Amino acid sequence: MPLRPVQVNIKAVDGSALGRFWAEALGWDAVSPGVTTYVGPAGGLVWPEPLGLGIDFVPVPEPKMLSKNRLHLDLATTSTTHQAELIARLRSLGASPVDAGQVDVPWTVLADPEGNEFCVLEPREIYLDTGPIAAVVIDCVDPRAMARFWGEATDWTVRELADDHASLRSPKGVGPYLEFLRTPDAKTVPDRIHLDLMPYPGDDKAAEVDRLRALGATDLDVGQGDVPWTCLTDPEAHEFCVLTLS
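Residues numbered from 1 in each chain as written. Predicted model: local features only at pLDDT ≥ 70, side-chain atom pairs only at ≥ 80, totals over all residues. Heavy atoms only, no water.

**Student:** Hey, could you run me through the packing of aromatic side chains in this one?
**Tutor:** Any two aromatic rings considered together are summarised by their centre-to-centre distance and by the angle between their planes. In this structure the tally under the stated criterion is six aromatic pairs. In textbook terms, an aromatic cluster arises when at least three aromatic residues are bridged by ring pairs, as seen for Phe21, Trp22 and Phe118. When the ring centre of Tyr200 is taken as reference, the NZ or CZ atom of Arg4 above it lies at 4.9 Å. (Phe/Tyr/Trp six-rings, centres within 6.5 Å; stacked < 30°, edge-to-face > 60°. Lys NZ or Arg CZ within 6 Å of the ring centre and 35° of its normal.)

**Student:** Help me understand the state of the cysteines, please; the structure alone is not making it clear to me.
**Tutor:** This model, assessed by the stated rule, comprises zero disulfides. Free of any disulfide, Cys119 has its nearest cysteine sulfur in Cys140, 15 Å distant. Owing to a relative accessible area of 10%, Cys119 belongs among the buried residues under this scheme. Cys241 supplies the cysteine sulfur nearest to Cys231, a cysteine that is in no disulfide, at a spacing of 3.8 Å. (Disulfide = S-S within 2.5 Å. Buried < 20%, exposed > 50% of the residue type's maximum accessible area, 1.4 Å probe, protein only.)

**Student:** I tried to follow the pairing of strand β9 (residues 133-140) on my own but got confused; where do I start?
**Tutor:** For a regular strand, the rule is simple: side chains alternate between the two faces of the sheet. Most of β9 is tucked away: eight of the eight residues are buried. The sheet contact formed by strand β5 (residues 71-75) and β9 spans five bridges and is antiparallel. Paired with His72 across the two strands is Val137, which belongs to β9. Two elements, β9 and strand β12 (residues 177-182), share six bridges in a ladder whose sense is parallel. If you follow Ala135 over to β12, its bridge partner there is Tyr177. (Helix = DSSP H or I, 4+ residues; strand = E, 2+ residues; numbered from the N terminus. Pairing = 2+ DSSP bridges.)

**Student:** Help me understand the sheet that holds strand β8 (residues 117-120) in this model?
**Tutor:** In a beta sheet, neighbouring strands are held together by backbone hydrogen bonds and run either parallel or antiparallel to one another. Taken together, the eight strands give an open sheet; going across it, the order is β6-β7-β8-β5-β9-β12-β11-β10, and neighbouring strands pair in mixed fashion. In this open sheet, the two edge strands, each paired with only one partner strand, are β6 (96-97) and β10 (157-161). Here β6 runs beside strand β7 (residues 108-111); their pairing, made up of two bridges, is antiparallel. The residue of β7 that forms the bridge with Pro97 is Leu110. Sitting on the sheet, helix α2 (residues 80-93) is in contact with β5, β6, β7 and β8, with an inclination near 150° to β8. Set on the sheet, helix α3 (residues 143-153) makes contact with β9, β10, β11 (165-169) and β12; between it and β12 the angle comes to about 155°. (Contact = heavy atoms within 4.5 Å. Axes fitted to C-alpha atoms, helices over the stretch in contact; angles between N-to-C directions.)

**Student:** Just to check I follow, could you spell out the sheet that holds strand β15 (residues 230-233) for this structure?
**Tutor:** One open sheet holds the eight strands; their spatial order is β2-β3-β4-β1-β13-β16-β15-β14, and the pairing between them is mixed. Only two strands of the sheet have a single partner each, and these edge strands are β2 (28-31) and β14 (218-219). Against the sheet, helix α1 (residues 15-26) engages β1 (4-12), β2, β3 (37-41) and β4 (54-59), with an angle of about 10° to β3.

**Student:** Please explain the pairing of β15 as it appears in this structure.
**Tutor:** Residues Thr230 and Leu232 line one face of β15 and the alternating positions Cys231 and Thr233 line the opposite face, and both faces are buried. One ladder, built from two bridges, connects β14 with β15; its direction is antiparallel. Opposite Asp219, over in β15, you have Leu232 as the bridge partner. For β15 and strand β16 (residues 239-242), the ladder comprises four bridges, and the chain directions are antiparallel. Counterpart to Thr233 in the pairing with β16 is Glu239. Once β15 ends, the chain turns through five residues before running back antiparallel as β16, passing Ala237 with a positive phi of about 75°.

Next up, the structure:
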């Protein structure tokens, strides 16, 4: 059975502080059971989050590079008033405006305290039931090819497929979308943010990893050593990990 996306993984110099920022930003809870800080919906954290994607903040010594991340989060709003209030609250928490080349657009581009870009969208009907994260957005050269790979790699369903934009979503119809936006430039630096996938109970992780390789994934050595997860890249070299069932 295809894998399920379970969390967004974000590298951070101060994972605890950045986790607290995003917990406040999303109205979620943050816990630090070990080295990493996990952020998920309030009301009793469950991992993996059954109705969406959590965020795992992993401490690293290197700060974010000046180049724009090729994966970012889009935040949903329910009205123009909500959008304005959310932007003001995020800035009070430490977010800052970013010029990413956008011109006269209805959404606002911000960066979190460690410089990771994200967008606060104007209200859109398609995102009214996603929760605070509307979409996980990946810049790519070929959205169609990326949607085909990720659609076969995961159990998420392709919802839109075009030359400039493609999207997937959980077959349960809950949580954020996974979107691919066409950009002219190819990936050149390591990802600061990536997705983590996991097999379903009873499925064979090794067999799933072999299936991903057959689809076009490539093994990735980032110095991880002997760990229970597997690091791979998709056909456009975006990193992702396949976790082991706990």
